[in-house]
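Reading the structure
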Amino acid sequence: MPTAKIVYASLTGNNEEIADIVSEELEKYGYTVDTTEVSQAMAEDFKDADICVTATYTYSDGDVGILPDESLDFYDDLKATDLKGKVYGCCGSGDHFYDDFATAVDDFDKAFAQAGATKGAENVKIDLSPEDDDIKTLEKFTKQLVEKAQELNA
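The structure reproduced in this document is the subject of the present report. (Residues numbered from 1 in each chain as written. Predicted model: local features only at pLDDT ≥ 70, side-chain atom pairs only at ≥ 80, totals over all residues. Heavy atoms only, no water.)

**Some points on the pairing of strand β6 (residues 87–94)**
Residues in a regular strand point their side chains to alternate faces of the sheet. For β6, the tally of buried residues reaches 8 of 8 residues, placing the bulk of the element in the interior. On β6, burial covers both faces: V87, G89, C91 and S93 on one face and Y88, C90, G92 and G94 on the other are all buried. Bridge analysis of β6 against strand β7 (residues 118–119) gives 2 bridges, and the strand direction is parallel. What sits directly across from Y88, in β7, is K119. After leaving β6, the chain enters helix α3 (residues 103–114) and then returns to the sheet as β7, a path that is right-handed. Looking at chain direction, β6 and strand β8 (residues 124–127) are connected through 4 bridges and run parallel. Residue pairing for β8: G92 is matched across the bridge by K125. (Buried < 20%, exposed > 50% of the residue type's maximum accessible area, 1.4 Å probe, protein only. Helix = DSSP H or I, 4+ residues; strand = E, 2+ residues; numbered from the N terminus. Pairing = 2+ DSSP bridges. Right-handed = clockwise from strand over helix to strand, strands pointing away.)

Okay, here's the thing in structure tokens:
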């Protein structure tokens, strides 16, 4: 049975909700999904999954969007983890009020690429909490991840 690992960082619950939506979609495709809050996760955990997903918020420090404090060690470890043969996707929430909208999503994208993983879908950035249109976007995101994983394993 194919497996997926989702790691999320959430202050308001928005990214936990995003992670739950992606998890439920992956389960519809027959995946066994493990979802973990970032402070409880290790980048090495992604080695045991076919699909790897992060869902994170961006902390704004004035005009600069930065990674959440609780994700810094995980992020550094992710960049140094060998994830060749794994499919990844990055998503998360942000607030359009800030100039650097959801830049942590892009930061995790770069970390996965540095780790050698294969990008399975374009990044998804959601303004605050997921609405109906966002849920459809996350469903499409998940489908693309599954299709890429099937392509790699064919």
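This is not the end of the story, as more comes after the structure.
**Looking at a negative patch on the surface**
A cluster of like negative charges, contributed by E16, E17, D20, E24, E27, E131, D132 and D133, occupies part of the molecular surface. Mapped by element, the contributors of at least two residues to the negative patch are α1 (14–28) and α4 (132–152). Among the elements that take part in the negative patch, α1 stands out by supplying 5 residues, more than any other. Positionally, E16 belongs in helix α1. Since its relative accessible area comes to 37%, E16 is described here as partly exposed. (Patch = residues over 30% accessible without salt bridge, like charges linked within 9 Å, V, L, I, M, F, W, Y side chains within 5 Å. Areas by Shrake-Rupley, 256 points an atom, 1.4 Å probe, with all protein chains shown as cover. Salt bridge = Lys/Arg side-chain N within 4 Å of Asp/Glu carboxyl O. Lys, Arg positive; Asp, Glu negative; His and termini not counted. Charge placed at Lys NZ, Arg CZ, Asp CG, Glu CD.)

**With respect to the packing of aromatic side chains**
The final tally for this structure, using the stated rule, is 6 aromatic pairs. Summarising the aromatic geometry, the rings of F46 and F74 are spaced 5.8 Å apart at their centres and angled 70° between planes, so their arrangement reads as edge-to-face. Remark: F74 occurs in helix α2 (residues 72–79) and F46 occurs in the loop between β2 (32–37) and β3 (51–55); sequence separation between them is 28 residues. The pair F46 / F74 is uniform in exposure class, with both members buried. Measuring from ring centre to ring centre gives 5.4 Å for Y75 and F108, while their planes differ by 85°; the resulting arrangement is edge-to-face. Remark: F108 occurs in helix α3 and Y75 occurs in helix α2; sequence separation between them is 33 residues. Given the relative accessible area of 14%, Y75 is considered buried. Taking relative accessible area as the criterion, F108 reaches 2% and is therefore assigned buried. (Phe/Tyr/Trp six-rings, centres within 6.5 Å; stacked < 30°, edge-to-face > 60°.)

**A closer look at the environment of Y31**
With respect to the secondary-structure elements, Y31 resides in the loop between α1 and β2. Sequence-wise, Y31 and D50 are 19 residues apart; in three dimensions their C-alpha atoms are separated by 9.2 Å. Not counting the four nearest positions on each side in its chain, Y31 is found in contact with P2, T3, A4, L26, D50, I51, V146 and A149. (Contact = heavy atoms within 4.5 Å.)

**A look at the nonpolar core**
F46, F74, L78, L83, F108 and F112 are the most contacted members of the largest nonpolar core, which totals 25 residues. Only α2, β6 and α3 provide two or more residues apiece to this core. Looking at which element gives the most residues to this core, the answer is α3, with 5 residues. With residues up to four places along the chain from it excluded, the contact list for F46 reads K5, V7, C52, V53, T54, F74, L78, L83, K86 and F112. (Core = buried A, V, L, I, M, F, W, Y, C linked by side-chain atoms within 4.5 Å.)

**A short note on the packing of α2 against α3**
Relative orientation of the contacting elements α2 and α3 amounts to 35°, with a least axis distance of 7 Å. Here α2 contributes F74, Y75, L78 and K79 to the contact with α3, which in turn contributes D107, F108, A111, F112 and Q114. (Axes fitted to C-alpha atoms, helices over the stretch in contact; angles between N-to-C directions.)

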